[in-house]
Amino acid sequence: MGVEGALKQFINSTNILPSDVLFEIKPEYLDDSQPQVYILREKSGKFQKRIRIISNRYNAITTEEKVCLLLEMHLSEHFYPQIYKKFKNVSGLGDILITEYKEGISLDKCIFDLSEIEFSMIVDQLCKDLKKIHSIKSSGFSDLAEFTDDNWFDFFEYKLKKYLNKALDNKILTNEEIEYLVKLLYREQDIFKQDYGSLIHFDVKPANIIWDCRSKEISLIDFEMSRYADILMEFTKGKFTTLLFNNSVYKNKIWIPLVEQYFSQPYTDVFSSRKAVWYLFYHYLAHCNYQLCCYGVISPCILNEFIYYKRNLLA
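Definitions and limits used
Residues numbered from 1 in each chain as written. Predicted model: local features only at pLDDT ≥ 70, side-chain atom pairs only at ≥ 80, totals over all residues. Heavy atoms only, no water. Helix = DSSP H or I, 4+ residues; strand = E, 2+ residues; numbered from the N terminus. Buried < 20%, exposed > 50% of the residue type's maximum accessible area, 1.4 Å probe, protein only. Contact = heavy atoms within 4.5 Å. Areas by Shrake-Rupley, 256 points an atom, 1.4 Å probe, with all protein chains shown as cover. Salt bridge = Lys/Arg side-chain N within 4 Å of Asp/Glu carboxyl O. 1 Å grid on protein atoms, 1.4 Å probe; cavity = no way out; pocket = protein on both sides within 12 Å on 5 of 7 lines; lining within 4 Å. Points joined across faces, edges and corners; volume = space filled by probe spheres on them. Nonpolar A, V, L, I, M, F, W, Y, C, P; charged D, E, K, R; others polar. Phe/Tyr/Trp six-rings, centres within 6.5 Å; stacked < 30°, edge-to-face > 60°. Disulfide = S-S within 2.5 Å.

Student: I would appreciate a short explanation of the overall build of the protein chain in the present structure.
Tutor: Helix and strand counts for the protein chain come out as 11 helices and 10 strands. Principal axes of the C-alpha set define a box for the protein chain whose edges measure 65 × 45 × 35 Å. Taking all 315 residues of the protein chain together, 51% fall into the buried category. Excluding contacts between residues fewer than 6 apart, the proportion of contacts in the protein chain whose partners are at least 24 apart in sequence is 67%. As displayed, the protein chain has an accessible area near 15,200 Å², and 51% of this comes from carbon and sulfur atoms.

Student: Looking at this structure, I do not really get the pattern of salt bridges. What am I missing?
Tutor: Two side chains that carry opposite charge are able to pair once their charged atoms sit near each other. Within the structure shown, the criterion is met by 17 salt bridges. Ionic pairing is found between Lys205 and Asp203, a salt bridge with its closest N-O pair at 3.7 Å. Comparing Lys205 with Asp203 shows no difference in burial state: the two are buried. We note a salt bridge from Asp230 to Lys275, for which the minimum N-O separation is 2.6 Å. Taken as a pair, Asp230 in the loop between strand 10 (227–229) and helix 7 (231–245) and Lys275 in helix 10 (residues 274–295) lie far apart in primary sequence, 45 residues in all. One exposure class covers both Asp230 and Lys275, and it is buried.

Student: Would you explain the layout of surface pockets in this entry?
Tutor: To find the voids left in a structure, one rolls a probe of water-molecule size over its atoms. Approximately 450 Å³ is the volume attributed to the second largest pocket. Forming the boundary of the second largest pocket are 20 residues, of which Glu28, Ile39, Arg41, Phe47 and Gly104 lie nearest the centre. The biggest single contributor to the lining of the second largest pocket is strand 1 (residues 23–27), with 3 residues. Tallied by class, residues from the lining of the second largest pocket come to 10 nonpolar, 2 polar and 8 charged.

Student: How should the packing of aromatic side chains be read in this particular structure?
Tutor: We describe a pair of aromatic rings using the distance from one ring centre to the other and the angle between the two ring planes. This structure, assessed with the given rule, holds 21 aromatic pairs. A ring pair is formed by Phe156 and Phe192, whose centres lie 4.9 Å apart and whose planes are at 25°; its orientation type is stacked. One end of the pair, Phe156, is in helix 5 (residues 152–169); the other, Phe192, is in the loop between helix 6 (175–187) and strand 7 (198–200), with 36 residues separating them in the sequence. Of the residues examined, Phe156 reaches a relative accessible area of 0% and is grouped as buried. Given the relative accessible area of 0%, Phe192 is considered buried. For the pair Trp278 and Phe281, a centre-to-centre distance of 6.3 Å together with 80° between the ring planes defines the contact as edge-to-face. In this pair, Trp278 and Phe281 both sit in helix 10, 3 residues apart, roughly one turn of the helix. Residue Trp278 is classed as buried on the basis of its relative accessible area, which comes to 0%. Phe281 gets classed as buried once you look at its relative accessible area, which sits at 0%.

Student: Explanation requested: empty space enclosed by the protein in the structure shown.
Tutor: Tallied over the entire structure, the rule returns 1 cavity of 30 Å³ or more. The volume enclosed by the largest cavity comes to roughly 50 Å³. Lining the largest cavity are 10 residues, with Lys102, Asp212, Glu217, Ile218 and Ser219 positioned closest to its centre. For the lining of the largest cavity, the secondary structure elements donating two or more residues are strand 8 (209–212) and strand 9 (217–220).

Student: Help me understand the state of the cysteines in this model?
Tutor: Disulfide: a covalent bond connecting the sulfur atoms of a pair of cysteines. A complete count under the given rule lists 0 disulfides for this structure. With no disulfide of its own, Cys301 has Cys288 as its nearest cysteine by sulfur position, at a separation of 9.7 Å.

So this is what it looks like as structure tokens:
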């Protein structure tokens, strides 16, 4: 019996839905080879719940649960995910987190049908929502998967060194380049020690932005990668993602206007700072290593960006 069968059997054994309701459980993304999130929906089409199961990113359930509780505690609006229930050690499935979201469709599925006015609405709401999320200050966690220290520079140094060592093994950086980059990092560490204590979503992309065309409202989902960090890291990750998914409509109609509205600066100026270059280098370096590990080759667009930010740092 597969995961969907095990989930269906589990749902039937609980009171999540009335016993006479016909339902189906499907992966959130049908082309996902290893789904971690499933949608529980009535056969009539009514959306019911979102179900996250244990994945190879073993802290995903813990992180999403913690962030959902933080959002409920600190924000009065209810356009964020609400925890329905967490189940531990479900037979054949492990831990399960069930959350509720408002009705709607993700931007990646409807972006080409939006009007200019709707694009503007989405940008305004995203800007307000991200500012509210970023206002939640704490020293609770940086990244529950691999690191417990709340000092952002220490976390960044630890993760970067890990990717640099992999890059050496993968022959995309020389030992001399790595030594220079590490020295440069220590010389510039003060730029990483400012304002690292904000909650960031860390995966703002079309698939994680839900648009309700009736109420004209958006809601952010998927907080499994959230952490406390520098707000600029939120936007460097987003810049990286726009290239990775190559969605020019999203980039030009939503992402660039969002960044400019949030920072009250031209888009290019936001990413011209030394710290932004470091963060972007970090993202592209990580993905170069990932692509080499999984596919044996780096896609040209990722490699070109990686080389660009490496040159910026080594200049």
